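Remarks on the overall topology
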Amino acid sequence: MDNRALFGMYFPGNSLIHRLDPRLKMVACFWFVVLVFFAHGWASNLLLIVLLLAVIRLSRVVFAKYWAGVRGLMGVILFTALIQALFSSGGTVYWQWGIMAVTSAGLVQAVLLMLRFFLIITGSTVITVTTTPLELADAIAALLKPLKVLHLPVNQLAMMLSIALRFVPTIMNEVTMIMNAQRARGVDFNSGSLLKRAKHLVPVLIPLFVAAFKRAEELAVAMEARGYDPNQPRTKYRQLHWQRRDSLALAVLVFVTLAFIGLRIWE
Amino acid sequence: MISVEKLTFTYPHQEAALFEDLSLTIPDHQWVAIVGRNGSGKSTLARLIAGLLPTPAGTITVNGLPVDEDHLAALHQQLGFVFQNPDNQFVGATVADDVAFGLENRRVAPQKMPTIIERALAQVRMTPFKAARPEELSGGQKQRVALAGALALKPAVLILDEATSMLDPQGRGEVLSQLASLRQQGELTIISITHDPAEVALADQVIVLDQGQVRRQDSPERVLTDVALVEAVGLVQPFALRLKAALQAQGVAVPATITTEGELVQWLNQQLNTRG
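Please read these numbers as outputs of a predicted model, since none were measured by experiment.

**Let's talk about the pattern of salt bridges**
Following the criterion strictly, the structure yields 20 salt bridges over all chains and no others. In this structure, Arg166(A) and Asp87(B) form a salt bridge, with 3.3 Å as the shortest nitrogen-oxygen distance. Taken together, the residues Arg166(A) in helix α8 (residues 154-184) and Asp87(B) in the loop between β6 (79-82) and α3 (95-105) connect one chain to another. For the pair Arg166(A) and Asp87(B), one class covers both residues: buried.

Next up, the structure:
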């Protein structure tokens, strides 16, 4: 299994968005979500839509990739919007039945809510399609660093994250191997009731856990033999380099934020 | 030089001592193979030398450094260790990251790392795979990366704990030829724990462990030709030696100096040519 396709999301490319510093991308994405929550009027929302479309265009990733992100959550989005539309009050009442009512204000709220969902999901999809899990892990490790002040074991957390990522394909291979071994002994994973199928996973999970513990132990010894000491500072081979394009992107983000604040005041 | 004196070691929760008053020395710049049956304590001995187990009774010194809690960091500067399972010692996300792991632990400046990594990968001929992820590599390639990871730290002693036992014949050949060329450079002391007669034949010396004691420390030729000993410790004679014995039994006078497959092939060719 390809580690880069860990979440089935990464879309290899070399666009401007791909090359941006992953730390910047994460912070910008977080900031974008904050702005989405503060956008109430049409103008401020429109600004965010334009920003997102521009970023999508710059990422040169096929639109279907982004749509796939939204589609998975479509049920939740529609359900939430429906609740919002049926149970809000205010404005002209179009239809009423018991405590349910469709009102103009409710409809506006429902549409805004859906828009908010779309923006947040697509905004975060930009990161996952343009950034490899490895880069994300580096970015998380870098962004966690300030928490050292609170005596959080930041370096250990970063090491755990990177080892977890490293072993995903290995463990996946192991799952396939164990399932094949159990199939050879006559276990049928694809039929029977839900309960029966769940029971059939037990002879997969137990050897998997046993093997994982054995791996962990061997890995720990190997790491120690190579001089790893969790309590000592380490240098880092993989460095993130802040480029001019990152400063530029940051400037754009600041500019958009200022425009956003302006629009909010005007609205 | 590695010296073990009056080593006594018992695993926690076990009654019988694995080693009692074990003493041996491993000279510098030699390739020493340690053989013995399963449970004879070969791996344990390697781990004790590397300080990866609780400090035992007796003294172990590596190039003058005593192996104990206080000297672990300095000790790990001296030693490189390659383990059996290729997957469970691959820490980095890519080949280069994995080689860098030991350098990071030793706080080597990041600017200096690329050159060191390049050199280490070139030594094991893995340069083209620098950016490869572990799941793209074969077992033999992963073991060569592990070797590069150890070599990048310029150890004085390299310990291989059945490093080729999980590999297919091709991977085993790759790793062994890598080791043979490292030995040529003559700066490393290599300790290889093994069941593989081909690996034993490559060594300068063999230590035969049996029931926690050194049963024999001798040249591979003499150990491997001692049929009784070979059988007692669960080794198989290498193909060349078995063929030689079979030829001798048929009355072909194969010179005693011939011990490797290459020499035997050459000698046989010579014989066939001169007769034909």
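On we go.
**Focus: the nonpolar core**
Val99(B), Leu103(B), Ile117(B), Leu147(B), Leu158(B) and Leu179(B) are the most contacted members of the largest nonpolar core, which has 50 residues in total. The biggest single contributor to this core is helix α5 (residues 139-151) of chain B, with 6 residues. Dropping the residues within four chain positions of it, Leu103(B) is found in contact with Thr235(A), Val108(B), Met113(B), Ile116(B), Ile117(B), Ala152(B) and Leu153(B). Membership of the second largest hydrophobic core comes to 33 residues, among which are Ile26(B), Leu48(B), Leu52(B) and Leu79(B).

**Thoughts on the interface of chain A and chain B**
Counting residues at the interface gives 30 residues for chain A, matched by 36 residues for chain B. Of the roughly 2,800 Å² buried where chain A meets chain B, counting both sides, 52% is carbon and sulfur surface. Of all residues in chain A, Arg166(A), Arg226(A) and Tyr237(A) give up the largest surface area on contact with chain B, accounting jointly for 32% of the area buried on that side. The salt bridge involving Glu104(B) is made with Arg234(A); its shortest N-O contact spans 3.0 Å. Between chain A and chain B we count 17 residue pairs in polar contact (both at pLDDT 80 or more) in total.

**What to know about the sheet that holds strand β5 (residues 65-66) of chain B**
Residue and element names in this part refer to chain B. What the 4 strands build is an open sheet, ordered β2-β1-β4-β5; its pairing is antiparallel. If you trace the sheet from one side to the other, it starts and ends with β2 (19-26) and β5, each paired once. In this structure, strand β1 (residues 2-9) lies alongside strand β4 (residues 57-62), joined through 5 bridges in antiparallel fashion. Opposite Glu5, over in β4, you have Thr59 as the bridge partner.

**Overview of the confidence of the model for chain B**
All names here are of chain B. For chain B, per-residue confidence averages 89 on the pLDDT scale, and 100% of positions sit at 70 or higher. Across chain B, α3 holds the top mean pLDDT of 95, while helix α9 (residues 227-232) sits lowest at 84. Among the prediction metrics, the complex's ipTM stands at 0.84, with pTM recorded as 0.81.

**Quick look at the sheet that holds strand β3 (residues 31-35) of chain B**
Residue and element names in this part refer to chain B. Read across the sheet, 6 strands follow the order β6-β7-β8-β3-β9-β10 without closing on themselves; strand pairing throughout is mixed. Two strands lie at the open edges of the sheet, namely β6 and β10 (213-218), each paired on one side alone. Strand-to-strand twist in this sheet, taken as the mean axis angle between neighbours without regard to direction, amounts to 15°. Across 4 bridges, the pairing between β3 and strand β8 (residues 189-193) is parallel. Residue pairing across strands places Val32 opposite Ile191, the latter belonging to β8.

**Re the domain arrangement of chain B**
Residue and element names in this part refer to chain B. Here chain B is described as being made up of domain 1 (2-236) and domain 2 (238-276). The gap between the C-alpha centroids of domain 1 and domain 2 is 32 Å. Every contact between the two is made by 5 residues of domain 1 and, on the other side, 4 residues of domain 2. Together, the buried faces of domain 1 and domain 2 total about 410 Å²; carbon and sulfur atoms form 81% of this surface. The largest share of the area that domain 1 buries against domain 2 comes from Glu221, Leu224 and Val236, three residues that together contribute 62% of it.

**Structural notes on helix α10 (residues 239-249) of chain B**
All names here are of chain B. Residues Ala240, Leu241, Lys244 and Leu247 constitute the buried set of α10. Looking straight down α10, one finds its buried side chains confined to an arc of 125°; they lie on one side. The inward-facing, buried residues of α10 abut α8 (220-225) and α11 (261-275).

**Thoughts on helix α3 (residues 42-59) of chain A**
All names here are of chain A. The terminal C-alpha atoms of α3 lie 26 Å apart, and with 18 residues this matches the ideal 26 Å at 1.5 Å per residue to within 8%. Taken together, the buried positions of α3 are Ser44, Asn45, Leu48, Leu51, Leu52, Ile56 and Ser59. All buried residues of α3 lie within an arc of 135° about the axis, which places them on one face of the element. More than 90 degrees from the buried face of α3, the exposed residues found are Trp42, Leu46, Val50 and Arg57. Against α1 (16-19), α2 (22-38), α4 (63-71), α6 (104-130) and α11 (244-266) lie the buried residues of α3. A positive backbone phi angle near 50° is found at Arg60, which sits one or two residues after α3.

**Things to note about the packing of α2(A) against helix α7 (residues 133-144) of chain A**
Residue and element names in this part refer to chain A. In contact at an axis separation of 8 Å, α2 and α7 are set at 75° when each is read in the N-to-C sense. Judged by the angle between their axes, α2 and α7 are roughly perpendicular. Residues Pro22, Arg23, Met26 and Val27 of α2 form the contact with α7, whose participating residues are Glu135, Leu136, Ala139, Ile140, Ala142 and Leu143. Considering only residue class, the contact of α2 with α7 consists of 8 nonpolar, no polar and 2 charged.

**Overview of the pairing of strand β9 (residues 205-210) of chain B**
All names here are of chain B. Most of β9 is tucked away, with 5 of its 6 residues classed as buried. Here β3 runs beside β9; their pairing, made up of 4 bridges, is parallel. Note that in β9 the partner of Val35 across the bridge is Val208. Of the strand pairs in this sheet, β9 and β10 are connected by 5 bridges, and their pairing is antiparallel. When the sheet's bridge partners are listed, Leu209 is paired in β10 with Val214. The antiparallel hairpin formed by β9 and β10 contains 2 residues in its connecting segment, where Gln211 sits at a positive phi of about 50°.

Thresholds, definitions, all that
Residues numbered from 1 in each chain as written. Chains lettered and ligands numbered in written order. Predicted model: local features only at pLDDT ≥ 70, side-chain atom pairs only at ≥ 80, totals over all residues. Heavy atoms only, no water. Salt bridge = Lys/Arg side-chain N within 4 Å of Asp/Glu carboxyl O. Helix = DSSP H or I, 4+ residues; strand = E, 2+ residues; numbered from the N terminus. Buried < 20%, exposed > 50% of the residue type's maximum accessible area, 1.4 Å probe, protein only. Core = buried A, V, L, I, M, F, W, Y, C linked by side-chain atoms within 4.5 Å. Contact = heavy atoms within 4.5 Å. Buried area = accessible area lost by both parts, 1.4 Å probe. Polar contact = N/O pair within 3.5 Å; in protein donor to acceptor, adjacent residues only side chain to side chain. Pairing = 2+ DSSP bridges. pLDDT = per-residue confidence, 0-100. Axes fitted to C-alpha atoms, helices over the stretch in contact; angles between N-to-C directions. Domains from an automatic or database assignment. Arc of directions from axis to C-beta. Expected span 1.5 Å × (residues − 1). Parallel < 35°, antiparallel > 145°, perpendicular 65-115°, else oblique. Nonpolar A, V, L, I, M, F, W, Y, C, P; charged D, E, K, R; others polar.

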